[in-house]
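These are the residues of each chain, in order.
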Amino acid sequence: MKGKTFAEKIMGAEAGAIVFRKPDIILTHDNTSSIAGTFSKMGGVKVSDPGQLLIVLDHNAPPTNAKLANDYQKIRDIVKQQGIEKFHDVGKGICHQIVSKYARPKMIVVGSDSHTCTAGAFNAFAAGIDRTETAGLWKQGETWFRVPESIRITLNGKLPQGVYAKDLSLWIIGMIGSSGADYMSIEYHGEGVKTLNISDRMTIANLASEMGAKNAVFPADEVLSEWLGYKAEGEWADPDAGYAREIEINLNDLFPVVAAPHHVDNVKALAEVKGVRLNQALIGTCTNGRIEDLREAAGILKGNKLPDGFQLLIIPASQEIYLQAMEEGLIRLFMEAGANVLAPSCGPCLGTGQGIPADGYNVISTANRNFKGRMGNKESSIYLASPAVVAYSALKGEIADPRGDHFTDKFPYEIEQSKTVDIAKDEDRYASGTWNYADVDNLNTDQMFAGKFTYEINSSEAEKIMPYLFKGFDDSFSERVKEGDILMAGANFGCGSSREHPCVGLAYAGVKAVICKSVNRIFYRSSVNQGLPIILLPEAVDAYKQGDKVEIDFAGGFVTIAGKEFRFSPLPAKLMGIFEAKGLVNYVRSMS
């Protein structure tokens, strides 16, 4: 009998099994207001277990308009009414940094944010979910999990001088692709793990979401024990556990890398993109806003001045880190160099609040996503890199290598990028009741519903979502989509943020189904919750030509395209019940 993986041990079942578990922590942020509305629609009055809830106001902190301010006050009222003790108000920090105060070995942590996986740095099983599912957890206290298959990544050696955890994360993404770990649990093994501090591990676990993973986890070793101040009693995989894939990386061989526009797996060696002119830089976010990151940037910026007109934004990940940076003199140093230091928040990363780039701007950032329009302007381009590279490049006004100009590294892997990123205004992708996005891989939630609207319009307000659905990607979609329409899409459909607005909008519009090559894990769960069927049939997508008649038989389990049949597993009765009820909320109501 083979051994068990970390995920199998935590969930108490083999990979592929469906289990119900009660999470130790249910994390929410600015979306708490929307979740509360869905909770009420489900008939919820009192939260099942207030001790599970952790609420942090961070994504738009401080609020930038009256609607957001009112939402924040509503959340404060909810916290008092429900007796929630784990609450962190505006300015206290980004939720994925704050969770480090609570996440501990062997815990199950879920959150209504795709980067909840960051807590895997603490030997917790941590995964993102959507808002509707979170509302269900408030009411029931438990939810279902499919026990994931696992990938074992063995790290040997030590990162060279000038190479960082961010480089390692981007290296893996560039190696396996942004959907290379779909629905997987990633375990980090090997002697190289001991060379990574907790800040490094948080960065690496955070970026598991950008590989499509359900979670990522590190062992409860002496590094974690030292950070906790006591011996960590964790859980870990058996030596003979079975894995879907095993990867071995020699850290000594790595060099600095950059994710180029417009996708995180478009990874290049730093040497391959040096010289690209820049207009703006960002150091911070939940990925790289810790004190170690700020010290690294400060060491480069010290005694130097930014070029005229160049904008460098620095955002500590929490108030504690901000205060520590002040005590160490880092904040003064940043400001003397010409940088703007903002309050701890997510803002610029998702294109809300301060720091939105102008048209034509090239931005270099320590954040975790570089989708077109991610920072609030689709006419700008985003490069992702380590804090050291971002700081040095900001000083030069172009992408530059802190190690020197003589390096000629070439990244050894290449992930094919989507043939299409957006639809031209004069291009019509609609014919015979089907929207043709078959050539669009990685159609992400930012393209379907821009991040700048995520907190101005609640996900429970379907009619308000509609005018903005697919705006900036295919501007004609929201006005022309009809009940019964079908969407054809490429691979990794729905990747990116866990926002459920696109699923809500598509379901409200009456879209019959999305047929795609593969789908993001959280988006798939959201689609079920909203009553939007998603069918995975890569061969059907490849066969489709615009204008073909597409028909779906859910009960029979087949799709017909221009008279040719493509079969899929018929959907279970309970799932069909949710679709027929137009979503989980209505289904739960009907079962009461």
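Note that this is a predicted model, so its numbers are computed, not measured. (Residues numbered from 1 in each chain as written. Predicted model: local features only at pLDDT ≥ 70, side-chain atom pairs only at ≥ 80, totals over all residues. Heavy atoms only, no water.)

Here we come to the packing of aromatic side chains. Two descriptors summarise a pair of aromatic rings, namely the distance from one centre to the other and the angle between the planes of the rings. Tallying each qualifying case throughout the model produces 18 aromatic pairs. Ring geometry for Phe411 versus Tyr413: centroids 5.6 Å apart, planes at 65 degrees, classification edge-to-face. In this structure Phe411 comes out as buried when scored by relative accessible area, which is 5%. Residue Tyr413 is classed as partly exposed on the basis of its relative accessible area, which comes to 35%. Put simply, the rings of Tyr430, Trp435, Tyr437, Phe470, Phe473 and Phe477 touch in pairs and so form one group of aromatic residues. (Phe/Tyr/Trp six-rings, centres within 6.5 Å; stacked < 30°, edge-to-face > 60°. Buried < 20%, exposed > 50% of the residue type's maximum accessible area, 1.4 Å probe, protein only.)

This part takes up empty space enclosed by the protein. Counted under the stated rule, the structure contains five cavities of 30 Å³ or more. In this structure, the largest cavity spans a volume of roughly 250 Å³. Contributing to the lining of the largest cavity are 23 residues, with His59, Asp113, His115, Arg374 and Ser497 lying nearest its centre. Broken down by secondary-structure element, the contributors of at least two residues to the lining of the largest cavity are helix 10 (285-288) and helix 14 (347-350). Looking at the lining of the largest cavity residue by residue, the class counts come to six nonpolar, 12 polar and five charged. If you add up the space inside the second largest cavity, you get close to 90 Å³. Lining the second largest cavity are Ser114, Cys117, Gly128, Ser209, Gly212, Ala213, Lys214, Gly496, Asn520, Arg521 and Ile522. For the lining of the second largest cavity, the residue count by class is three nonpolar, six polar and two charged. (1 Å grid on protein atoms, 1.4 Å probe; cavity = no way out; pocket = protein on both sides within 12 Å on 5 of 7 lines; lining within 4 Å. Points joined across faces, edges and corners; volume = space filled by probe spheres on them. Helix = DSSP H or I, 4+ residues; strand = E, 2+ residues; numbered from the N terminus. Nonpolar A, V, L, I, M, F, W, Y, C, P; charged D, E, K, R; others polar.)

With that settled, consider the pattern of salt bridges. Tallied over the full model, the rule gives 31 salt bridges. A salt bridge links Glu551 to Lys549, with the nearest nitrogen and oxygen atoms 3.8 Å apart. You can call Lys549 exposed: its relative accessible area is 55%. (Salt bridge = Lys/Arg side-chain N within 4 Å of Asp/Glu carboxyl O.)

Let us now look at the packing of helix 6 (residues 165-176) against helix 7 (residues 198-206). Helix packing geometry: the angle between the two helix axes and the distance between the axes. Taken N-terminus to C-terminus, the directions of helix 6 and helix 7 make an angle of 25 degrees; their axes are 9 Å apart at the nearest point. One finds that helix 6 runs roughly parallel with respect to helix 7. Here helix 6 runs over helix 7; the crossing is right-handed. On helix 7, the residues touching Ala165, Lys166, Leu168 and Ser169 of helix 6 are Asp200, Thr203 and Ile204. Looking at the contact of helix 6 with helix 7, its residues break down into three nonpolar, two polar and two charged. (Axes fitted to C-alpha atoms, helices over the stretch in contact; angles between N-to-C directions. Parallel < 35°, antiparallel > 145°, perpendicular 65-115°, else oblique. Left-handed = near helix turned anticlockwise from the far one by under 90°. Contact = heavy atoms within 4.5 Å.)

By the secondary structure assignment, Thr132 is in helix 5 (residues 131-140). By relative accessible area, Thr132 is classed as buried at 2%. A distance of 3.1 Å separates a polar atom in the side chain of Thr132 from a polar atom in the side chain of Glu500. Apart from the residues lying within four places of it in its own chain, the contact partners of Thr132 are Thr38, Met42, Glu500, Asn529, Gln530, Leu584 and Val585. (Polar contact = N/O pair within 3.5 Å; in protein donor to acceptor, adjacent residues only side chain to side chain.)

The strand order across the open sheet built from five strands is 4-3-2-5-6, with neighbouring strands paired in parallel fashion. One side of each edge strand has no neighbouring strand; the edge strands of this open sheet are strand 4 (86-88) and strand 6 (125-128). Direction aside, neighbouring strands of the sheet carry axes that sit 15 degrees apart on average. Bridge count for strand 5 (residues 108-111) against strand 6 is four bridges, and the pairing is parallel. Within strand 6, the position partnered with Val110 by the bridge is Ala127. (Pairing = 2+ DSSP bridges.)

Here the focus is the nonpolar core. Within the largest apolar cluster, 47 residues are counted, with the highest numbers of intra-cluster contacts made by Ile153, Leu155, Leu168, Ile186, Tyr188 and Ile249. Looking at this core, the element that brings in the most residues is helix 6, giving eight residues. Contacts of Ile249, omitting those with residues within four sequence positions, involve Ile153, Thr154, Leu155, Asn156, Leu168, Ile172, Met175 and Leu254. By size, the runner-up hydrophobic cluster in this structure holds 43 residues, among which are Phe310, Ile321, Ala385 and Val390. (Core = buried A, V, L, I, M, F, W, Y, C linked by side-chain atoms within 4.5 Å.)

Attention now moves to the sheet that holds strand 26 (residues 564-567). Read across the open sheet, the three strands follow the order 24-25-26; overall the sheet is antiparallel. For this open sheet the edge positions go to strand 24 (550-553) and strand 26, each flanked by a neighbour on one side alone. Going from strand to strand, the sheet's axes swing by 20 degrees on average, the running direction of each strand aside. Of the strand pairs in this sheet, strand 25 (residues 558-561) and strand 26 are connected by four bridges, and their pairing is antiparallel. Counterpart to Val559 in the pairing with strand 26 is Phe566.

As a further point, take the pairing of strand 2 (residues 25-28). Of the two faces of strand 2, both are covered, the one formed by Ile25 and Leu27 as well as the one formed by Ile26 and Thr28. Direction of pairing for strand 2 relative to strand 3 (residues 53-56): parallel, over a ladder of three bridges. Note that in strand 3 the partner of Ile26 across the bridge is Leu53. The parallel pair strand 2 and strand 3 is bridged by helix 2 (residues 32-41), and the resulting crossover is right-handed. (Right-handed = clockwise from strand over helix to strand, strands pointing away.)

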